[in-house]
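The residues making up each chain are set out below.
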Amino acid sequence: MSFCNLKECEKQKRQKFSEIKAGLDDAESLIRKMDLEARSLQPNVKAVLLAKLREYKSDLNNLKSEHKRLASANSNQAARDDLLESGMADAMSVSANQRGRLMMSTERLNESSDRIKESRRTMRETEELGVSILQDLHQQRQSLLHANDTVFLLLKVPYRHHLLTGKFEGKDEKEINEERRKKEQVKEIKMLF
């Protein structure tokens, strides 16, 4: 077994990857041709061959995926190796650059966290204010309903007194009938609302 330097090994790897890729392309072409030919055969033979071809296609797709994954990993590794080998990035400058980017990213993340906290605080305050307003509105509604009931009862009192005592409290029958008519109109109006 012979050892090769980094560049030679990378070159051999690339060559093997391209050979494998060519072989996969040839296999795909052959499977397509077999598929066309199998479709032209009699139905009883055709079904068996198409099932086999599906298996071959599945195996080929798995091989292509594996090749793609390895080629991608290899190209990433090759790019890293080229970068380090070419002297474009020495460890200290890369480390300082990464540290600077990390600090900037951390600062941006902290600012975002602060904005989120402030937004949440504002949201809680708004929610509390909304609850308070709804409570005030509920109390006002209850007060209005109570006032409405009180007015309605006050309008009824003279008639109840009249019915219980039989006295008109200084009003003649015409005035009482007029008041009853007005109160009935008020009831009708209330029923409309």
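Residues numbered from 1 in each chain as written. Predicted model: local features only at pLDDT ≥ 70, side-chain atom pairs only at ≥ 80, totals over all residues. Heavy atoms only, no water.

Draft legend 1. Inspection of the overall build of the protein at higher detail. Counting secondary structure elements, the protein contains four helices and zero strands. The 193 residues of the protein split such that 9% are buried. For the protein, contacts bridging at least 24 residues in sequence account for 55% of all contacts bridging at least 6. When the accessible surface of the protein is totalled, it reaches about 16600 Å², and 59% of it is carbon and sulfur. (Helix = DSSP H or I, 4+ residues; strand = E, 2+ residues; numbered from the N terminus. Buried < 20%, exposed > 50% of the residue type's maximum accessible area, 1.4 Å probe, protein only. Contact = heavy atoms within 4.5 Å. Areas by Shrake-Rupley, 256 points an atom, 1.4 Å probe, with all protein chains shown as cover.)

Draft legend 2. Local environment of the side chain of aspartate 35. Relative to the helices and strands, aspartate 35 is located in helix H1 (residues 6–39). Contact partners of aspartate 35, with chain neighbours within four places excluded, come to Leu50, Leu53 and Lys57.

Draft legend 3. Fine view of the nonpolar core. Counting residues in hydrophobic clusters, the biggest one holds six residues: Leu24, Ile31, Ala38, Leu50, Leu53 and Leu60. Mapped onto this core, the elements with two or more residues apiece are H1 and helix H2 (43–85). Discounting residues that sit within four places of it in the chain, leucine 50 has contacts with Asp35, Ala38 and Arg39. (Core = buried A, V, L, I, M, F, W, Y, C linked by side-chain atoms within 4.5 Å.)

Draft legend 4. Main features of the pattern of salt bridges. Within this structure, the stated rule accounts for ten salt bridges. Between glutamate 19 and lysine 16 there is a salt bridge; the shortest N-O distance is 3.9 Å. Of this pair, glutamate 19 and lysine 16 both sit in helix H1, separated by three residues, roughly a single helical turn. Judged by its relative accessible area of 43%, glutamate 19 is partly exposed. (Salt bridge = Lys/Arg side-chain N within 4 Å of Asp/Glu carboxyl O.)

Draft legend 5. Structural context of a nonpolar patch on the surface. Where nonpolar side chains cluster on the molecular surface, the patch consists of Leu129, Ile133, Leu134 and Leu137 and spans about 410 Å² of accessible area. Looking at where leucine 134 falls in the secondary structure, it is placed in helix H3 (residues 91–165). Judged by its relative accessible area of 58%, leucine 134 falls in the exposed class. (Patch = residues over 30% accessible without salt bridge, like charges linked within 9 Å, V, L, I, M, F, W, Y side chains within 5 Å.)

Draft legend 6. Fine view of the confidence of the model for the protein. With 76% of its residues at a pLDDT of 70 or more, the protein has an overall mean of 78. Element-level pLDDT for the protein is lowest in H2, with a mean of 77, against a maximum mean of 83 in H1. (pLDDT = per-residue confidence, 0-100.)

Draft legend 7. Molecular detail of the environment of lysine 57. Inspection of the secondary structure assignment puts lysine 57 in helix H2. Residue class for lysine 57 comes out partly exposed when judged on its relative accessible area of 33%. Remark: the alpha-carbon pair of lysine 57 and isoleucine 31, spanning 26 residues in sequence, is separated by 7.2 Å.

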